[in-house]
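These are the residues of each chain, in order.
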Amino acid sequence: MSVHNLTNDEVGRYGRQLILSEFGVKCQQQLKSSKALIVGCGGLGCPAAVYLSAAGIGTLGLLDHDVVEVSNLHRQILHKESGTGVPKCKSASAACSGVNSLPTYREHHVAINSTNALSIISQYDAVLDCTDNVATRYLLNDACVILKKPLISGAALKFEGQLTVYNHEGGPCYRCLYPVPPAANTVSSCSESGVLGVIPGIIGTMQAQEAIKVLGGMQGSLTGRLFLYDGLSFTTRVVKLRPRQPSCVVCGDTPSVTELVDYLEFCGVSSADDKLSLNKSTGMSRISPTDFKNHYRDKSKRHLLLDVRPCHEFDICKISHSINIPLNSLEKITKDELLAKISQNAYSINGGDNSGITSLQSNAGHYCLYLSSWK
Amino acid sequence: MSSTTTPTNTKSNSSSDLIKIKVLLFAKARDLVGEDSVYISLPRKIEYQELVNSIFQQLSSLEAIKKTVVLALNEEYIKESEPVSIKEGDTIAIITPISSG
């Protein structure tokens, strides 16, 4: 006689993991009765979602405010070319349903914030942080501590990945490790720094693994340890983390953060997508592509276009007659050296006057070359 | 038995006794230094705060991320509450959080 609630179809489908003694019927049933929320249906969220779905999660919440773009497809593997413009949560849900129709899928086409986080997260047993910005990471951490939910946190950038489980089995939370948020100008995003598609694929897959262990009640979760992956040199490390901090403002013995706060303000930044708006507060002037195009075509207005991107980005595309001095070179160069380099560009200085450079300033990681009166 | 002896037994805890230690750099720390590892000089025994100050003094390009790193010695976090003992062959990791995905 059967003593479990798995159907014959489920036994057939999950047979290869049911015969694992460490997993078995008990974990499969626990997984079936569990609800997991994936926040961010991008490079990390896609593999995490499909493996949780395939493994037989009971309910899978898919949260993302964004829609699919072509530039997502090299790493966000559940989305399709034909699905550009479709909300990512719907695209991911459809793909997962195609793999396994048994779980319940909930689509949350919203941006998670301090107002809605608690009501959404309270519907789930665990959260997978598959987001792309610091503010949301602190938000999810605090919400999970307040609601006593484990947080399976993954991150990927360039060739590197990081993975850990917070707020589980007495382990530390994100704030125990990083009580102070990083300065805005030290945070890099995939759109700025790049990412090899398989890196979030590897980390997101491992997030699903850890979620299965946490929700299935298995031993050996990554709580209290941080997995570091470097795909370029193929180096892996697991670092033992400091334990939960009694002084932690959110999970400590006498927490001062007992409700969600304004995380954009706390981190001093907005989400990765809005980062360009920083320039407004730094007083730097910006020029729109249209204005620049008009300026560029107006022969009476001489100008120099200095492209400070790295050489390999300049190689991808450039505006004709621009000159490339990468930012890290520009930081070390003297004004005279800079002028000498510019004067090598005949087009730029044709009839020009080098005294037009008035200052070279840096602020919050953005460099501006102030040019005036290139007559 | 190895005939190699380490000087730790005879010259222990001498603050002038500096040793070269490999520092592994991750994420933003790697970007800022431009290498994935570097060597710095440290005494065999040092208070936690002095260790932090010494690391960021020798790797001054990391100043901007000083408050947001996890420091690990031989793949284990460094306790703030007790003096840190360092020996030849040890590695210190400077880990900065990645937030994108």
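Scroll up to find the structure.
Residues numbered from 1 in each chain as written. Chains lettered and ligands numbered in written order. Predicted model: local features only at pLDDT ≥ 70, side-chain atom pairs only at ≥ 80, totals over all residues.

Engineer: If you had to explain the packing of helix α3 (residues 45-55) of chain A against helix α4 (residues 88-99) of chain A to someone new, which residues and values would you point to?
Structural biologist: Residue and element names in this part refer to chain A. Following both chains from N to C, one finds α3 and α4 inclined at 30°, their axes separated by 9 Å at the closest point. Taken together, the axis directions place α3 and α4 in an arrangement best described as roughly parallel. Crossing of α3 over α4 shows right-handed handedness. Packed against α3, whose contacting residues are Gly45, Cys46, Ala49, Val50, Ser53 and Ala54, the element α4 presents Ala92, Ala95, Cys96 and Val99 at the interface. Residue classes in the contact of α3 with α4 are distributed as eight nonpolar, two polar and no charged. (Axes fitted to C-alpha atoms, helices over the stretch in contact; angles between N-to-C directions. Helix = DSSP H or I, 4+ residues; strand = E, 2+ residues; numbered from the N terminus. Parallel < 35°, antiparallel > 145°, perpendicular 65-115°, else oblique. Left-handed = near helix turned anticlockwise from the far one by under 90°. Contact = placed C-beta atoms within 7 Å. Nonpolar A, V, L, I, M, F, W, Y, C, P; charged D, E, K, R; others polar.)

Engineer: Tell me what's going on with the nonpolar core, and back it up with residues and numbers.
Structural biologist: Residues and elements named next belong to chain A. Grouped together as the largest cluster of nonpolar side chains are 93 residues, with contacts concentrated most on Ala36, Ile38 and Ala49. The dominant element in this core, judged by the number of residues it contributes, is helix α6 (residues 134-147), at nine residues. Excluding its chain neighbours within four sequence positions, the residues that come into contact with Ile38 are Gly45, Ala48, Ala49, Leu60, Gly61, Leu62, Leu63, Leu128 and Cys130. (Core = buried A, V, L, I, M, F, W, Y, C linked by C-beta atoms within 7 Å. Buried ≥ 20, exposed ≤ 12 C-beta atoms within 10 Å, placed from the backbone.)

Engineer: Please set out the interface of chain B and chain A residue by residue, giving values where relevant.
Structural biologist: The partner chain A presents 36 residues to the 19 residues of chain B that form the contact. Counting only elements with at least two residues in the side of chain B that touches chain A, the list comes to α1 (27-33), β4 (70-73), β5 (76-77) and β7 (91-95) of chain B. A class-by-class count of the residues in the side of chain B that touches chain A yields eleven nonpolar, four polar and four charged.

Engineer: Lay out the environment of Ala29 of chain B in plain terms, naming residues and giving numbers.
Structural biologist: All names here are of chain B. By the element assignment, Ala29 lies in helix α1. Looking at Ala29, the number of C-beta atoms within 10 Å reads 23, which means it is buried. Between the C-alpha atoms of Ala29 and Ser61, which are 32 residues apart in sequence, the distance is 8.6 Å. Apart from residues no more than four positions distant in its own chain, Ala29 is found in contact with Leu62, Ile65, Val69, Ile94 and Thr96.

Engineer: Before we move on, can you summarise the pairing of β7 of chain B with the specific residues and values?
Structural biologist: On a regular strand, each side chain points to the face opposite its neighbour's, so the side chains alternate between the two faces of the sheet. Residues and elements named next belong to chain B. Of all five residues in β7, four are buried, a share of seventy percent or more. As paired elements, strand β1 (residues 18-25) and β7 share four bridges and run parallel to each other. Each residue of the ladder has a partner; that of Leu24, found in β7, is Ala93. As paired strands, β4 and β7 are joined by four bridges and run antiparallel to one another. Following the sheet pairing, Leu71 is matched in β7 by Ile94. (Pairing = 2+ DSSP bridges.)

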